[in-house]
Amino acid sequence: MCGIVGILGKTPVATNLVDALRRLEYRGYDSAGIATVEAGTLTRRRAEGKLRNLEKRLLTEPLDGMIGIGHTRWATHGRPTERNAHPHMTAPVAVVHNGIIENFRELRADLEAKGHTFETDTDTEAVVHLITHEMQNGLGPVEAARAALKQLRGAFALGIIFAGQDDLMIAARQGSPLALGHGTGEMYLGSDAIALAPFTDTITYLEEGDWAVMHRSGAEIFD
């Protein structure tokens with residue numbers, strides 16, 4: 001059972017992302033990673049094995065973004081390698097995912113036929129390329145995410161961030177739990193409230209089929 005965290009913060013979020021992921025270790029995992037937006041560009045660090053491996057990498061290759069997402073992965077589609085670890089990303093989009101995209105094979109085949117190149121064996125990468133494709137067709141980040149969500153089948157929780165957007169995060173829940181945390185000028189995302197406990201005691205649990213547009217000032221939730 002994978003773990004998801006996200007932070008729209010006032011200071012660099014990498015350390016807090018890793019700390020939040022540590023509170024989700026009880027779920028079990030075989031790889032971990034985080035991604036942030038730095039100077040408008042998506043940047044990520046991933047590692048096989050335990051969180052300490054990710055922490056070691058961050059010591060030599062730090063991330064300074066003030067918005068980011070993190071993930072601990074149990075391998076389902078694809079081996080437990082760094083290549084298959086989350087977050088998955090293209091130049092404009094990064095995604096963390098808990099659950100299974102049941103129609104990922106047909107989505108992948110269609111996207112590959114349209115010129116997209118996949119780098120992993122995961123079902124999650126289909127979500128990344130689907131959102132990217134919608135953006136390439138002229139949709140903005142929120143509209144592209146909404147269009148992509150309509151095409152997904154399965155059980156999933158998603159956290160999504162975008163290049164050039166340091167005050168925007170998308171969350172979506174279908175079958176897998178997901179919670180939003182409300183801070184003062186900050187917002188948080190987590191697979192459960194345990195991950196967010198040190199940051200806030202004000203939590204909104206997304207209901208089945210909900211998706212949310214998050215900014216530091218708050219969140220708008222759609223059913």
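Our structure is the block above this text.
Attention here is on the structure that accompanies the text. A quick note: this is a predicted structure, and the numbers were derived from the prediction, not measured. (Residues numbered from 1 in each chain as written. Predicted model: local features only at pLDDT ≥ 70, side-chain atom pairs only at ≥ 80, totals over all residues. Heavy atoms only, no water.)

## Re the packing of helix 4 (residues 124-136) against helix 5 (residues 141-149)
Then, number 1: The geometry of helix 4 relative to helix 5 is characterised by a closest axis approach of 8 Å and an angle of 130° between their N-to-C directions. Between helix 4 and helix 5, the angle falls in the class oblique. Here helix 4 runs over helix 5; the crossing is right-handed. Packed against helix 4, whose contacting residues are Leu130, Ile131, Glu134 and Met135, the element helix 5 presents Pro141, Ala144, Ala145, Ala147 and Ala148 at the interface. (Axes fitted to C-alpha atoms, helices over the stretch in contact; angles between N-to-C directions. Helix = DSSP H or I, 4+ residues; strand = E, 2+ residues; numbered from the N terminus. Parallel < 35°, antiparallel > 145°, perpendicular 65-115°, else oblique. Left-handed = near helix turned anticlockwise from the far one by under 90°. Contact = heavy atoms within 4.5 Å.)

## A closer look at the side chain of Thr36
Then, number 1: By the secondary structure assignment, Thr36 is in strand 2 (residues 31-38).
Then, number 2: With a relative accessible area of 0%, Thr36 lands in the buried category.
Then, number 3: For Thr36, the side chain forms a polar contact with the side chain of Glu38, separated by 3.3 Å.
Then, number 4: Residues contacting Thr36, with those up to four places away along its chain left out, are Val13, Thr41, Leu42, Thr43, Leu63, Gly65, Ile67, Gly68 and Ile161. (Buried < 20%, exposed > 50% of the residue type's maximum accessible area, 1.4 Å probe, protein only. Polar contact = N/O pair within 3.5 Å; in protein donor to acceptor, adjacent residues only side chain to side chain.)

## Description of the nonpolar core
Then, number 1: Among the nonpolar cores identified, the biggest contains 26 residues, and Val95, Ile131, Leu152, Leu158, Ile160, Phe162 and Ile170 are the most heavily contacted of them.
Then, number 2: Looking at which element gives the most residues to this core, the answer is helix 4, with five residues.
Then, number 3: Contacts of Ile131, omitting those with residues within four sequence positions, involve Val93, Val95, Ala144, Ala145, Ala148, Ile160 and Phe162. (Core = buried A, V, L, I, M, F, W, Y, C linked by side-chain atoms within 4.5 Å.)

Honestly, it's all geometry; don't read function into it.
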